[in-house]
Amino acid sequence: MTNHHYHAPANLERIAIAADRAAQAIPPLWPLASSVAVNPFLGQTTESLANTGARLARVAGAAVTMPRHWYHQKIAAGIITDADLLHAWTSAPHHLRPADLHALKSAAAANTPEPHALPTVADLAASVSGIDWPGLIAERLGGWAAGYFDQGQALWAAPRGKSAYAAWQLVATHDLTPEIMGLSDFARHVSEAPESATTAIARVVDRLGLDDGAMETYFHQMLMMLGGWAQYARYQLWQAERAGGADHTVTDFLAIRLIWEEALFLRYGSKITDDWAKVCAAHGRPIKTNQDLVTDMILQEAAEHAAQRALAVTLAKSAPTQTSGRAPLQAAFCIDVRSEVLRRTLESVNPQIQTLGFAGFFGLATAHRRFASDIEELHLPVLLNPAISSCAGGPEFEATDQLTRISARATRAWGRFKLAAVSSFAFVEATGPLYVGKLVKDALGLRGASPTNDPAPRLDPALDMEMRTGAAENVLRAMSLTSGFARLVVLAGHGANVVNNPHASGLHCGACGGYAGDVNARLLAALLNDQAVRSGLEQNGINIPADTLFIAALHDTTTDQVTLYEQDYPSNAHQGDINQAREWLAAAGTLARSERALRLPHAEHETAIAKRSRDWAETRPEWALAGCSGFIAAPRLRTAGKNLEGRAFLHDYDWRQDKNFSVLELILTAPVVVASWISLQYYGSTVAPEVFGGGNKLLHNVTGGIGVVEGNGGLLRAGLAWQSVHDGKVYAHDPLRLSVCIEAPKEAIIAILKRHEGVRALFDNRWLHLFALDDQGHMAWRYAGDLQWTGVSSMPEPAAVPTKMAV
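As the structure is a computational prediction, the values presented were derived from the model and not from experiment. (Residues numbered from 1 in each chain as written. Predicted model: local features only at pLDDT ≥ 70, side-chain atom pairs only at ≥ 80, totals over all residues. Heavy atoms only, no water.)

## Notes on empty space enclosed by the protein
Rules: A 1.4 Å probe that fits into a set of points on a 1 Å grid over the protein atoms alone but cannot get out defines a cavity; an open set with protein on both sides within 12 Å along at least five of seven lines defines a pocket, and lining residues are those with an atom within 4 Å of a point. Grid points are joined across faces, edges and corners, and a volume is the space filled by probe spheres set on the points. Segments assigned H or I by DSSP are reported as helices when at least four residues long, segments assigned E as strands when at least two residues long, and all are numbered from the N terminus. Residues are grouped as follows: nonpolar covers Ala, Val, Leu, Ile, Met, Phe, Trp, Tyr, Cys and Pro; charged covers Asp, Glu, Lys and Arg; every other residue, Gly included, is treated as polar.
Applying the stated rule across the entire model yields five cavities of 30 Å³ or more. In terms of lining, the second largest cavity is formed by Arg522, Ala525, Asn529, Phe550, Ile551, Ala552, Tyr565, Glu566, Asp568 and Tyr569. Those elements that place two or more of their residues in the lining of the second largest cavity are α21 (518-529) and β8 (549-556). When grouped by side-chain class, the residues that make up the lining of the second largest cavity number six nonpolar, one polar and three charged.

## Regarding the pattern of salt bridges
Selection criterion: Here, a salt bridge means any side-chain nitrogen of Lys or Arg that lies within 4 Å of a carboxyl oxygen of Asp or Glu. When a residue's accessible area, from a 1.4 Å probe over protein chains only, is under 20% of the maximum for its type it is buried; when over 50% it is exposed; and in between it is partly exposed.
The tally for this structure, following the rule as stated, stands at 45 salt bridges. Of the charged contacts, one joins arginine 257 and glutamate 261 as a salt bridge, the two residues approaching to 3.0 Å between their closest N and O atoms. Here arginine 257 and its partner glutamate 261 are both found in helix α14 (residues 249-284), four residues apart, which amounts to about one turn of the helix. Note on arginine 257: relative accessible area 3%, which makes it buried. Taking the shortest distance from any N to any O, the salt bridge between aspartate 454 and arginine 370 comes out at 3.5 Å. Of the two residues, aspartate 454 is situated in the loop between α19 (436-443) and β6 (457-459) and arginine 370 in the loop between β3 (366-369) and β4 (376-379); the sequence distance between them amounts to 84 residues. The class for aspartate 454 is buried, based on a relative accessible area of 17%. On the basis of relative accessible area, arginine 370 is assigned to the buried category, the value being 15%. Residues joined by salt bridges that share partners form a network here, namely Arg638, Asp654, Arg656, Glu743 and Asp775.

## Describing the packing of helix α8 (residues 164-172) against α14
To keep it simple, the criterion reads: Interaxial angles span 0 to 180 degrees and are taken between N-to-C directions of axes, which are lines fitted to C-alpha atoms, for helices over the stretch in contact. Contacts were defined at the residue level, with two residues in contact if any of their heavy atoms lie within 4.5 Å.
Close contact between α8 and α14 brings their axes to 8 Å; oriented N to C, the two are set at 35°. Only Thr249, Asp252, Phe253, Ala255, Ile256, Ile259 and Trp260 of α14 make contact with α8, whose side of the interface consists of Ala164, Tyr165 and Trp168. Split by residue class, the contact of α8 with α14 holds eight nonpolar, one polar and one charged.

## A few points about the sheet that holds strand β9 (residues 561-564)
How we decide: Pairs of strands are assigned from DSSP output, requiring at least two bridges between the strands.
Strand order across the open sheet formed by five strands is β2-β1-β7-β8-β9, with mixed pairing between neighbours. The open sheet has two edge strands, β2 (354-358) and β9, and neither has a second partner. Neighbour to neighbour, the strand axes of the sheet diverge by 25° on average, direction disregarded. In this structure, strand β1 (residues 330-334) lies alongside strand β7 (residues 488-495), joined through four bridges in parallel fashion. Following the sheet pairing, alanine 331 is matched in β7 by valine 490.

## Overview of the packing of aromatic side chains
Put simply, the test is: A pair of Phe, Tyr and Trp rings is counted when the ring centres sit within 6.5 Å of each other, with Trp represented by its six-membered ring. The angle between the planes then sorts it: under 30 degrees is stacked, over 60 is edge-to-face, the rest tilted. Over a ring means this: the NZ of a Lys or the CZ of an Arg is within 6 Å of the ring centre and within 35 degrees of the ring normal.
Counting across every chain of the model gives 28 aromatic pairs. For the ring pair tryptophan 133 and tyrosine 268, a centre distance of 6.4 Å and an interplane angle of 55° mean the geometry is tilted. Taken as a pair, tryptophan 133 in helix α7 (residues 133-148) and tyrosine 268 in helix α14 lie far apart in primary sequence, 135 residues in all. With relative accessibility at 0%, the residue tryptophan 133 sits in the buried group. Chaining the aromatic ring pairs together yields one cluster made of Trp30, Trp144, Tyr148, Phe149, Trp229, Tyr232, Tyr235, Trp238, Phe253 and Trp677. The residue whose ring lies beneath lysine 74 is tryptophan 70, and the NZ or CZ to ring-centre distance is 4.8 Å.

Structure below.
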């Protein structure tokens, strides 16, 4: 059937809508250069966990909770108590929950079968032919997609300028592999497909006999079968939508996968007709949960309730006595859970030191150009668009800029010469022995990655005085830092300095779009050291003392070493303060490394931590955000001196200083959402590693410069590698949905949820838990959904739990 003879059906619009819904159901995947954590359940946040489990079981065979034995072990160990089980059981659907506590515990002791996706045409064709058609599709499509999306890794770049669908057609019509494997006339089939991807989808829908009800989950399944390739196409759509445009790459990928299905149906249809009819009927049925999924949801909720009890006990501990007088040092860190450890150890070195927590981009959403580079890096949360532009260095660095560019071009040319098809053989023979020294040094961890040492960044174009003052005021008020300034205020962004790690950017600052936070910290320090800006702030009620100096810093989360950018604003008067701050930070780093060494495999002492960052064979240079389970927005006094074990995002917030609760609204709609993406990426990579995890680091190969595959091809792997959530013996991350604790009036929180349906959905459907803290910082109220609160004190104690519970 040629494209000239096929006429688009009347339901083409409905097909396009179903295709768009399928695209929205999968998460985007950011490229390696700026990888950020993404919620793998982004398309299911309007559904409950149990409903999502039913949906993902159908389309991907993915679990959304841990195996039952994981919960059973926690129950047996007393970590999950009867009170936790009762709390979760009470809120579950009555008609699907176990009859009583005994039945619930019995269910926890019996594992259920693993979920299996509905078979695709390729699966059915494989079963009757003995040919691994799903594997062949993944291999052929992966090889093409790596070239199509290539960002400079390939020496021979694929042609540009065509849509993904058209580019694939051009390649597939000359690919004989499917025909060699038994799919005769596949090239002709592709060449005769409609020119429009949407029309091609419509033709496949007709041929496969899909009705409107079956299209949505079947299309979703097709995209899930493409793994990270479809997610990277979804990223193209995300970026286009953020810029107010559109992109059809993900629809093109859906059409490509469907054409494979159509070709296989034409080849094997007579043998799979009955089975395929059953699959179509199953796709057409509404998504419904069942008793097993609800039981799993109850057990998951109970595990989270247990963690919340422990957090409540920690927050209820008495706070240290608040010191009077001016602090000798104030240090603002990112809210990242890794900062919690360093903040706590820094305060233990000198209890008069004050630390603060704020989103690591420090409120400056900038599109930044590194020194001697024209590439814009978006140092901001991916939920935002850049508000300013910046670059490293000024006109005084012009000569150095040109020399650096020439050197970079020479390095790239040399690299291509080493890898070119002909010269690579002679290169190895002639110069191989010269690399022995480098190999030995790298193998022994004697050399680490060189940290960036760019000149101080500057706004480009510069902002006028009103805008600079407004930006500074907004940041200080959002930090709840409007008075009581120390002589020295350190603004510490964070990054990670590792070697041989394709996912290095994933260890950087998520609030900075997967880049280190030094640029934003240095830009903010420049604003706050500007005397004209300070004069404007004074008129707005923020008086920064004349002897206060702001210094930017970079916290290396792998080694817990802090670099101070004191050269940006040299001050002889503050040299003593700076030297003292450096000593305190070094002492705090030693304590932080000692604490972290207890969790890291084969790290017997804090001195072993630094070596891990230089070891090219180390799969776990740090645990990153593994273990994250809480988000607290409150004055530091509520958490100071309390060991949160590097598991909580800490955002300083004083609602009494918040005009119209605008800062609270910002916290709930930006940092909380970013933290939820991080938490749920860890969750998904742990409960469903085959679907939402990044695979095995030992098998990773970078492809296209955008992502990794396992081995020499196939599906792009998204999510976290297994080594990021498991230490080889036990899980390093407990998959718990984030508990968000905010000290603010309940009415103010509800008013914000009413205005932001997307944020409300996260809490109503329990992708996040929400608590309101009282004036002592205790977890006093739990958000129960539907804009209602319940008192935490009303939770029953273990001794009060009945052994039998009526349905």
